[in-house]
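Analysis of the macromolecular model
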Amino acid sequence: MPGERRLRILARLTGGTSGAETSRLCRVCADITGMSGAGIMLMSEAGPRGSLCTTDEVSALIEQLQYDLGEGPCLDAYRLDRPVLEPDIRRPVVPRWLAFSGPALGAGARAVFGFPLRVGSVRFGALNLFRDRPGTLDADQHADALVMADVAAQSILLLQAGAPPGQVAAELEAGADFQYVVHQAAGMVAAQIDVSVGEALVRLHAHAFSHDRPLTDVARDVVGRVTRFDESDGATGSPG
Amino acid sequence: MHKETLLARTLVKLADTLVDDFDVVELLTLLTDRCVDVLGVAAAGIMLAAAEGDLRVMASSSEAMRVLELFEIQAQEGPCLDCYGTGAPVANPDLAGGDHGWPRFGAEAIAAGFRSVSALPMVLRGRVIGALNLFRVEPGEMANVDLESAQAFADVATIAILQHRAAAEAQALNDQLNQALNTRIVIEQAKGMVAERQGLDMEQAFGVLRNHARSHNLRLTDVATGVIGGTLAVADLDRARWPQAGRRSNRAPKRSS
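Residues numbered from 1 in each chain as written. Chains lettered and ligands numbered in written order. Predicted model: local features only at pLDDT ≥ 70, side-chain atom pairs only at ≥ 80, totals over all residues. Heavy atoms only, no water.

Inspection of every chain in the model, using the stated rule, returns five aromatic pairs over all chains. Aromatic side chains Trp-97 of chain A and Phe-100 of chain A sit 5.9 Å apart centroid to centroid with 85 degrees between the ring planes, which places their arrangement in the edge-to-face category. Phe-100 of chain A shares its class with Trp-97 of chain A; the two are buried. Relative to Phe-105 of chain B, the ring of Trp-102 of chain B lies with its centre 6.1 Å away and its plane at 85 degrees, an arrangement referred to as edge-to-face. Here Trp-102 of chain B and Phe-105 of chain B have matching classes, each one buried. Aromatic ring contacts, followed pair by pair, group Trp-102, Phe-105, Phe-114 and Phe-135 of chain B into a single cluster. Over the ring of Tyr-78 of chain A we find Arg-123 of chain A, and its NZ or CZ is 4.8 Å from the ring centre. (Phe/Tyr/Trp six-rings, centres within 6.5 Å; stacked < 30°, edge-to-face > 60°. Buried < 20%, exposed > 50% of the residue type's maximum accessible area, 1.4 Å probe, protein only. Lys NZ or Arg CZ within 6 Å of the ring centre and 35° of its normal.)

Another point: the domain arrangement of chain A. All names here are of chain A. Looking at chain A, the domain boundaries give domain 1 (2-173) and domain 2 (180-223). On a C-alpha basis, the centres of domain 1 and domain 2 stand 27 Å from each other. Across the contact, four residues belong to domain 1 and seven residues belong to domain 2. Interface area for domain 1 against domain 2, summed over the two sides, is near 400 Å², with a carbon-plus-sulfur share of 39%. Summed over the three residues of domain 1 that lose the most area to domain 2, namely Tyr-67, Asp-68 and Glu-173, the buried surface amounts to 85% of that side. Counting the contacts that link domain 1 with domain 2 gives zero salt bridges. (Domains from an automatic or database assignment. Contact = heavy atoms within 4.5 Å. Buried area = accessible area lost by both parts, 1.4 Å probe. Salt bridge = Lys/Arg side-chain N within 4 Å of Asp/Glu carboxyl O.)

Formed by 75 residues in total, the largest nonpolar core has its most connected members in Ile-40 of chain A together with Leu-28 and Leu-134 of chain B. No other element matches helix α6 (residues 139-161) of chain A, which puts 11 residues into this core. With residues up to four places along the chain from it excluded, the contact list for Ile-40 of chain A reads Leu-25, Cys-26, Gly-50, Ser-51, Leu-52, Cys-53, Glu-63, Leu-117, Ala-126, Leu-127, Ala-152 and Ile-156 of chain A. (Core = buried A, V, L, I, M, F, W, Y, C linked by side-chain atoms within 4.5 Å. Helix = DSSP H or I, 4+ residues; strand = E, 2+ residues; numbered from the N terminus.)

Take a look at the structure:
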């Protein structure tokens, strides 16, 4: 009965008082579906916005990888607007996420699942679940994850409803990583080589890719003035 | 039917309405009817705050209850108003006792055949959206277990109403969120440009942008957009009042760093 599922989830969300709203949301996502961890990413048509919340370091890395690499279960779930299920990233049925899978495995994730976050026709993110051992979601877990994604999506908009005009709700900012450092770095690179910030973002991505480094690390080096882009080979000073 | 089963069914019914395109008044009427069935109260009613903060009668289990609640709003005194005002439960075990501070409402309630009352807040994350009123014909306290059940009804109804509001405004709320995040990104990018061109750290760069916006009576977003779009040259920005940033400083810096 869908009502019972929803009730169980709502009771978990309304019960207890401690902790930030979104981190509790994430925790309930993982607990209710019996997963090792969960995270929520916000997306837009232009690409991922960043991470809203994660339950643990592995989930945080899974979201970071997807942001940096532009591939993974959350991005696919958002793009395809349907659940994306990978019961074993070591032996995937369909080869996919070639850059994402290695580091995700290395971090301890074995099965990963993405569920789109939407309210009606409005789609704005994805719920990410992972487990440290392979295996599919059973029918019950799958149904719980669908209701959970629905409740999470409504809860996020509900939190934003309380925000002052023009601002992101403080409850959504708490525990979130919207990758502001990447945008700061884009502004710096744009100034260094006199291109638009859009072009600078592309250069940052290209540099990270060609040096096999996480985008955020490159961005931090730019902001920390370790790496510059106005030298002859496009970027210098980056160690290693 | 067992009381427990009835309780569980009511909660499930309430939870189910969250998926459907539900009618708020219908949901609340169901809630007040179930309070009467399950909790052994004579009448139940719900008031919700309108946008301006005024309470409105939304649902009542009987016409007598509806009239009494309307009277409460008119007289501007009574348990529902107190409960909404404080966000805490209000109870009076004997309305004939007279020490409740609701002289007009108390008399009216007794005339309608009620002797005791409890009001429970409908509250989520510190936001009080209304109150649930429970009236009984006999004096005395309500059993704790019944109060807990009533509060569970009120809690689920509250989240149902709020989530419904969020769903109804999903497009607008998502647009707001996107707009707010875009604004933040443009500001971060502009900070980066200013930091690079003027040799500042990010906090100082933000100070330059904000200072320019304030002294020219512009919105920070517009200044940042101008910087990013090249319509506002970084060199033309007013310097912030940082010693490192440079020139004249007619006020002490806010931070020592």
